[in-house]
Amino acid sequence: MRYIALIPGYNPGPAVGKVVEETLPLVEKLILVDDGCEEEHRVFFDKYKNHEKVEVLRHGENLGKGWALMTGFKQALTHDFDYLITLDSDGQHRPEEIGRFKELLASEHYDLVVGRREVGNKMPQKSRWGNSLTAAAFNFFLGAKVVDTQSGFRAMGRDFVERTVKTVKPGRYETEMNILIQAVREGRRVGQVPTATIYFDNNKGSKFKAVSDSLLVARQFGLFAAAAFSAWLLDYFLFTALTAVGSVYFLYANLISKGASMVYYYLVNKYLVFWSYRRSKEEVARYAALVAVNIVVVNALLYALADGLGWNELAAKPVADATMFIINFFVLRVFVYR
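Residues numbered from 1 in each chain as written. Predicted model: local features only at pLDDT ≥ 70, side-chain atom pairs only at ≥ 80, totals over all residues. Heavy atoms only, no water.

S.K.: Talk me through the environment of Thr 149; I want residue IDs and the actual numbers.
M.R.: Topologically, Thr 149 is positioned in the loop between helix 5 (125–142) and strand 6 (154–157). For Thr 149 and Arg 117, which are 32 residues apart along the polypeptide, the C-alpha to C-alpha distance reads 9.8 Å. Within the structure, Thr 149 has its side chain in polar contact with the side chain of Gln 150 (distance 3.2 Å). (Helix = DSSP H or I, 4+ residues; strand = E, 2+ residues; numbered from the N terminus. Polar contact = N/O pair within 3.5 Å; in protein donor to acceptor, adjacent residues only side chain to side chain.)

S.K.: I'd like a rundown of the packing of helix 6 (residues 158–167) against helix 7 (residues 174–185), residues and numbers included.
M.R.: Helix 7 packs onto helix 6 with a crossing angle of 115° between their chain directions and a minimal axis gap of 11 Å. At the point where helix 6 passes helix 7, the crossing takes the right-handed sense. Along the contact surface, helix 6 presents Phe 160, Arg 163, Thr 164 and Thr 167, while helix 7 presents Ile 179, Gln 182 and Ala 183. Here the contact of helix 6 with helix 7 is built from residues that sort into three nonpolar, three polar and one charged. (Axes fitted to C-alpha atoms, helices over the stretch in contact; angles between N-to-C directions. Left-handed = near helix turned anticlockwise from the far one by under 90°. Contact = heavy atoms within 4.5 Å. Nonpolar A, V, L, I, M, F, W, Y, C, P; charged D, E, K, R; others polar.)

S.K.: Summarise the nonpolar core; cite the residues concerned and give the values.
M.R.: By size, the foremost hydrophobic cluster in this structure holds 27 residues, and its most contacted members are Phe 73 and Leu 84. Within the residue set of this core, elements represented by two or more residues are strand 1 (3–9), strand 2 (29–34), helix 3 (65–76), strand 5 (112–117), helix 6 and helix 7. Setting aside residues no more than four positions away along its own chain, Phe 73 makes contact with Leu 6, Leu 84, Thr 86, Met 156, Val 161, Thr 164, Val 165 and Ile 179. (Core = buried A, V, L, I, M, F, W, Y, C linked by side-chain atoms within 4.5 Å. Buried < 20%, exposed > 50% of the residue type's maximum accessible area, 1.4 Å probe, protein only.)

S.K.: Can you break down empty space enclosed by the protein residue by residue, with the values?
M.R.: Tallying each qualifying case throughout the model produces two cavities of 30 Å³ or more. If you add up the space inside the second largest cavity, you get close to 40 Å³. Along its surface, the second largest cavity is lined by Leu 69, Phe 73, Thr 86, Gly 152, Arg 154, Met 156, Glu 176 and Ile 179. Along the lines of polarity and charge, the residues of the lining of the second largest cavity split into four nonpolar, two polar and two charged. (1 Å grid on protein atoms, 1.4 Å probe; cavity = no way out; pocket = protein on both sides within 12 Å on 5 of 7 lines; lining within 4 Å. Points joined across faces, edges and corners; volume = space filled by probe spheres on them.)

S.K.: So what's going on with the sheet that holds strand 2? Which residues, and what values?
M.R.: In space, the seven strands of this open sheet follow the order 3-2-1-4-6-5-7, with mixed pairing throughout. Unpaired on one side and paired on the other, strand 3 (54–58) and strand 7 (190–195) mark the two borders of the sheet. Between one strand axis and the next, the sheet turns through 20° on average, direction left out of account. In this sheet, strand 6 lies alongside strand 4 (residues 83–86) in antiparallel orientation, the contact comprising four bridges. Of the residues in strand 6, the one forming a bridge with Ile 85 is Ala 155. Of the strands in this sheet, strand 1, strand 2, strand 3, strand 4 and strand 6 are in contact with helix 3, which crosses strand 1 at around 150°. Strands in contact with helix 6 are strand 4, strand 5 and strand 6; relative to strand 6, the strand with the most contacts, it is inclined by about 90°. (Pairing = 2+ DSSP bridges.)

S.K.: Describe the packing of aromatic side chains, listing the residues and the values that go with them.
M.R.: Here the structure, examined in full by the defined rule, presents seven aromatic pairs. Seen from their ring centres, Tyr 249 and Phe 250 are 5.0 Å apart, and the 55° between their planes marks the pair as tilted. On the accessibility criterion, Tyr 249 (39% relative accessible area) is partly exposed. The class for Phe 250 is buried, based on a relative accessible area of 7%. Both rings, one in Tyr 249 and one in Tyr 252, keep their centres 5.4 Å apart while their planes meet at 75°; by these two values the pair is edge-to-face. A relative accessible area of 53% places Tyr 252 in the exposed class. Chaining the aromatic ring pairs together yields one cluster made of Phe 229, Trp 232 and Tyr 236. If you follow Arg 189 out to its NZ or CZ, it ends over the ring of Tyr 110, 4.4 Å from the centre. (Phe/Tyr/Trp six-rings, centres within 6.5 Å; stacked < 30°, edge-to-face > 60°. Lys NZ or Arg CZ within 6 Å of the ring centre and 35° of its normal.)

S.K.: Give a detailed account of a nonpolar patch on the surface, specifying residues and quantitative values.
M.R.: A surface patch of nonpolar side chains, amounting to about 370 Å² of accessible area, comprises Val 263, Leu 267, Tyr 271 and Leu 272. With respect to the helices, strands and loops of the structure, Tyr 271 is situated in helix 10 (residues 250–273). What makes Tyr 271 partly exposed here is its relative accessible area of 36%. (Patch = residues over 30% accessible without salt bridge, like charges linked within 9 Å, V, L, I, M, F, W, Y side chains within 5 Å. Areas by Shrake-Rupley, 256 points an atom, 1.4 Å probe, with all protein chains shown as cover. Salt bridge = Lys/Arg side-chain N within 4 Å of Asp/Glu carboxyl O.)

S.K.: I'd love a proper account of the pairing of strand 2, names of residues and values included.
M.R.: Along strand 2, six of the six residues are buried, which leaves the element largely enclosed by surrounding structure. Burial along strand 2 is two-sided: the residues Lys 29, Ile 31 and Val 33 and Leu 30, Leu 32 and Asp 34 are all buried. In terms of strand pairing, strand 1 meets strand 2 through six bridges, oriented parallel. Residue pairing in the sheet places Ala 5 in a bridge with Leu 30 of strand 2. Sheet analysis places strand 2 next to strand 3, joined by five bridges and oriented parallel. Bridge pairing links Asp 34 to Arg 58 in strand 3. Handedness of the β-α-β unit built from strand 2, helix 2 (residues 39–46) and strand 3 comes out right-handed. (Right-handed = clockwise from strand over helix to strand, strands pointing away.)

Structural measurements only, silent on function.
Below you can see the structure in the form of structure tokens.
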């Protein structure tokens, strides 16, 4: 199989030269992206401008790692390759470990393979907590089993690179998370290989901004939760208006309010949360089935609480919806936006 390496960098210093030299013997071609480095760092990239196996690309200003990756992806697609290897320019990834990726991919096909760093004492506390919490949230929300969601040491199949260029919006460090989200959502084969945990000076040189970039990484999770809450608010508002003001029988009111909120919820999830711009009749049919199940189950719970236990219908409604919310999450993840 043919392998291309992609190394994006922003002010990496002389370390990028060592990474390039150690990577070159392991790949057919190497793409080096200067993401708007300061003047004194450009010399480390310019050194390889005339190298027969290296292509040097440059951004006029610093755009962020996601943009640097996307620039490299597009350039890589002009060449013939089976897998694209991405690794950092600062020496935190050992190029010789590309062999571990090759060994796995020689035995079976994966669309994406992630280098799994050991989360232990070698990892700085800030990174250890951030990686653990992000991985836990990722696996809970998406039903995956990825240990290191933040690793930039990866192998991507050509078909998946093509798909990524078309669908993932480039940005900063959240781009790598969005690529992983896309792989899991589309049912791609995601593998993992153990890699070394290397940090210099307690990772002080990292370009990752702990607060702002972590918020960007978690943005999609927040959008999902916000969509669910806003849909519930719309549902409850309509239900209250119909029952308290319009004197509509509470089961009929729930039918109307739930139907309206579920249409809203579908559109928000489709276009803002999951970026599912394809026109899929199957997706609509699956969601319609979910709406039907929602209405039946919530009405049954409302009837049991209001008529069976004598609860006030306005108090019974949130309890029934909260129960259904838990069910909805797993159905949306596995059945609708699979």
